[in-house]
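What follows is each chain in one-letter form.
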Amino acid sequence: MLAKIAAAASRFAAALEEDVEGALAATSAEARARWTAIDRRLTDLAPVIPLANRRSVDFVSDRVGNVQHPLQWSTLLDQMWVR
């Protein structure tokens, strides 16, 4: 599976390099069209970027310590202590 992904990435990089070389060698009007096509292709293939950040609030007593809230999980209850 990884070999297939690496081969596809290599083919994509080679094709992209050819497109960039063509855009660099083109005249101004043609170059703009080529750079636009390159930008659109890369944008369409880009990974998803989240447009919102999840927020949460933890209400704890003054007696609670070591409250940890990592971004990828909820509050780590096993790390908290109470006086």
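Residues numbered from 1 in each chain as written. Predicted model: local features only at pLDDT ≥ 70, side-chain atom pairs only at ≥ 80, totals over all residues. Heavy atoms only, no water.

**Comments concerning the overall build of the protein**
Next up, step 1: For the protein, the helix and strand inventory stands at two helices and two strands.
Next up, step 2: From first element to last, N terminus to C terminus, the protein shows the α and β order α-α-β-β.
Next up, step 3: With the C-alpha coordinates of the protein rotated into their principal frame, the extents come out at 70 × 35 × 15 Å.
Next up, step 4: The proportion of buried residues among the 83 residues of the protein is 11%.
Next up, step 5: Long-range contacts, defined as pairs at least 24 residues apart, comprise 13% of the intrachain contacts of the protein with a sequence gap of at least 6.
Next up, step 6: Taken as a whole, the protein presents about 7400 Å² of accessible surface, with 60% of it coming from carbon and sulfur.
Next up, step 7: Within the protein, the 10 negative side-chain charges are centred at a point lying 7 Å from the centre of the 10 positive side-chain charges. (Helix = DSSP H or I, 4+ residues; strand = E, 2+ residues; numbered from the N terminus. Buried < 20%, exposed > 50% of the residue type's maximum accessible area, 1.4 Å probe, protein only. Contact = heavy atoms within 4.5 Å. Areas by Shrake-Rupley, 256 points an atom, 1.4 Å probe, with all protein chains shown as cover. Lys, Arg positive; Asp, Glu negative; His and termini not counted. Charge placed at Lys NZ, Arg CZ, Asp CG, Glu CD.)

**Remarks on the confidence of the model for the protein**
Next up, step 1: Across the protein, the average pLDDT comes to 82, with 90% of residues at or above 70.
Next up, step 2: Per-element confidence in the protein ranges from a low mean pLDDT of 80 for helix 1 (residues 2-25) to a high of 90 for strand 2 (residues 81-82). (pLDDT = per-residue confidence, 0-100.)

**What to know about the environment of Leu45**
Next up, step 1: By the element assignment, Leu45 lies in helix 2 (residues 28-45).
Next up, step 2: With 13 residues separating them along the chain, Leu45 and Asp58 place their C-alpha atoms 38 Å apart.

**A word on the pattern of salt bridges**
Working definition: two side chains of opposite charge can pair if their charged atoms are close together.
Next up, step 1: Going through the model one piece at a time under the given rule, you end up with two salt bridges.
Next up, step 2: We note a salt bridge from Asp19 to Arg41, for which the minimum N-O separation is 2.7 Å. Highlighted residues: Asp19 in helix 1 and Arg41 in helix 2, separated in sequence by 22 residues.
Next up, step 3: Residue Asp19 is classed as partly exposed on the basis of its relative accessible area of 29%.
Next up, step 4: One salt bridge in this structure joins Arg34 and Glu30, with 2.9 Å as the shortest N-O distance. With a gap of four residues between them, Arg34 and Glu30 both fall in helix 2, about one helical turn apart.
Next up, step 5: For Glu30, a relative accessible area of 40% corresponds to the partly exposed category. (Salt bridge = Lys/Arg side-chain N within 4 Å of Asp/Glu carboxyl O.)

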